[in-house]
Structure formats: structure tokens, C-alpha cells
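Observations on the model geometry
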Amino acid sequence: MEYYRSFDQLRVTELPVLRHGFWRPWYELTDGQFSYGKLTYSGAMKRSCLLETATGSWVVKRKGWLSRKFIIEQPGGTEIGMVTPEIWSRKILAELNDGFSANFFNKKLLSRTFTWVNEQYGDMLSVQAKAFSRSRPFVVHIDTGVVNTLPHLPLLALLGINLILFKQAEAAAAT
């Protein structure tokens, strides 16, 4: 974790996401100079992913083979939260065990920008998917006023990227 820079030291509002590798890609959240986090998949079917930042690392995996829900765990196996996509809705609810909850959805129907929204903080960050960009598929826009007050921001940024990749894979499998 020592090679990742903390979100407290963030001075920009946009963080591009770099895609590394072709067969087993991993994604890096960076500002061009410093790395703020990393998303890697494990297993042949990409059933779980590892999110790494300066504040910690988390494993996100499905609750069961046919379940829609995702479990957020620390590497030791301690469950810290749950991610639940709503039925017949574009919203995805993330609830952590410490009482924090946020919705992840795109505000406009045909938009490629997804936003994390909390009742207390409002729009915290948004993840924009770039069309036809293989090396920089996403850009994360962060509200700098929330950076120091919200400790879950690195987790939400990487979790948002994972959820968009999941939605893209689901849409590709449906065609």
C-alpha cells in the first residue's frame, strides 16, 4: 500500500483510469504522476476483484453463483458491506457495515456517466466511461470538498469502475 498516494493529497478533480494488459487486464487510478489505486481480477471467470488503495484493500465478489448481490470483504475475510442492484431500476445500492450507504446510477438514460449519490453528501464522485478508448476507458471526477470528510471515497471510486465493467460484460453477454 505504500506505493499508492492517499486521496487526502489529491489536487486535481479528474483522475483517468489506465488499462494495463490485454489478456488479464488490470486498471490503475492515476493523475498521470501518482497512482491512487488499482483494480485487478482473479480467477478464470473474473468472479472476484481486488481493490487496492493507500487506505486499504478490499475483495469484491458475488454472494452466490446466481445471486445479484456483491459482498465487499477485507482480505482477511471480514465482510464490511454489500452491493445490491435494484430490480427494474438503474440504481445500485452500496451499504457498508458502519452505516454508510450510497446509490450508483446514471442520471440520464443514455449517458455514459455514473454517479455515486449519498443523502448527506450529495453527488460525491462520478465515473465517465469513454467510448472507443482502450487504454483510458474511464475518467473519475471527484468533488474535492468531500475528499477530506469521506473516508470511503477510494473504495467508491474503484467499486464504481468495477460495477461499470460488470454492466458492460453483462450487456455484451446479452447480445
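Here is a short report on the structure shown in this document.

Reading the values: rules and limits
- Residues numbered from 1 in each chain as written.
- Predicted model: local features only at pLDDT ≥ 70, side-chain atom pairs only at ≥ 80, totals over all residues.
- Heavy atoms only, no water.
- Helix = DSSP H or I, 4+ residues; strand = E, 2+ residues; numbered from the N terminus.
- Rg over C-alpha atoms; globule rule 2.2 N^0.38 Å.
- Contact = heavy atoms within 4.5 Å.
- Areas by Shrake-Rupley, 256 points an atom, 1.4 Å probe, with all protein chains shown as cover.
- Lys, Arg positive; Asp, Glu negative; His and termini not counted.
- Charge placed at Lys NZ, Arg CZ, Asp CG, Glu CD.
- Salt bridge = Lys/Arg side-chain N within 4 Å of Asp/Glu carboxyl O.
- Buried < 20%, exposed > 50% of the residue type's maximum accessible area, 1.4 Å probe, protein only.
- Pairing = 2+ DSSP bridges.
- Axes fitted to C-alpha atoms, helices over the stretch in contact; angles between N-to-C directions.
- Core = buried A, V, L, I, M, F, W, Y, C linked by side-chain atoms within 4.5 Å.

Let's talk about the overall build of the chain
Along the backbone of the chain there are one helix and 12 strands. Beginning at the N terminus, the succession of helices and strands in the chain can be written as β-β-β-β-β-β-β-β-β-β-β-β-α. The C-alpha radius of gyration computed for the chain amounts to 15 Å, which stays within 12% of the reference 16 Å derived for 175 residues, consistent with globular compactness. The C-alpha extent of the chain, read off along each of the three principal axes, is 40 × 40 × 40 Å. Residue pairs at least 24 apart in sequence account for 35% of intrachain contacts in the chain once pairs closer than 6 positions are excluded. For the chain, the exposed surface amounts to about 9800 Å²; the carbon and sulfur share of it is 53%. Of note, the chain has its 21 positive side-chain charges centred 10 Å away from the centre of its 15 negative side-chain charges.

Thoughts on the pattern of salt bridges
A side chain of one charge can pair with a side chain of the opposite charge when the charged atoms of the two come close. This model, assessed by the stated rule, comprises two salt bridges. One salt bridge in this structure joins Lys61 and Glu73, with 3.5 Å as the shortest N-O distance. With Lys61 in strand 5 (residues 57-62) and Glu73 in strand 6 (residues 70-73), this pair connects stretches of sequence that are 12 residues apart. Residue Lys61 is classed as partly exposed on the basis of its relative accessible area of 31%. Here Asp123 and Lys107 are joined by a salt bridge, their closest N and O atoms 2.4 Å apart. Note that Asp123 is positioned in strand 11 (residues 122-129) and Lys107 in the loop between strand 9 (101-105) and strand 10 (113-118), a separation of 16 residues in sequence. According to the relative accessible area criterion, Asp123 is partly exposed, its value standing at 38%.

Section: the sheet that holds strand 6
If you walk around this closed barrel you meet the 12 strands as 1-2-3-4-5-6-7-8-9-10-11-12, and the pairing is antiparallel. Here the strands of the sheet are splayed against their neighbours by 20 degrees on average, with no regard to which way each runs. Inspection of the sheet shows strand 2 (residues 26-30) paired to strand 3 (residues 35-42) by five bridges, in the antiparallel sense. Among the inter-strand pairings, Glu28 is bridged to a residue of strand 3, identified as Lys38. Against the sheet, helix 1 (residues 153-174) makes contact with strand 1 (14-20), strand 2, strand 3, strand 4 (48-53), strand 5, strand 6, strand 7 (79-85), strand 8 (92-96), strand 9, strand 10, strand 11 and strand 12 (138-142), and its axis sits at roughly 45 degrees relative to strand 11, the strand it touches most.

Concerning the environment of Leu110
Mapped onto the secondary structure, Leu110 falls in the loop between strand 9 and strand 10. A relative accessible area of 84% places Leu110 in the exposed class. Leu110 sits 79 residues away from Asp31 along the chain, and the two C-alpha atoms are 27 Å apart.

Some remarks on the nonpolar core
Membership of the largest hydrophobic core comes to 45 residues, with the highest contact counts inside it found for Phe7, Trp116 and Val140. With 10 residues, the top contributor of residues to this core is helix 1. Not counting chain neighbours up to four residues away, the residues in contact with Phe7 comprise Leu15, Leu29, Tyr36, Ile142, Val147, Leu153, Pro154 and Ala157.

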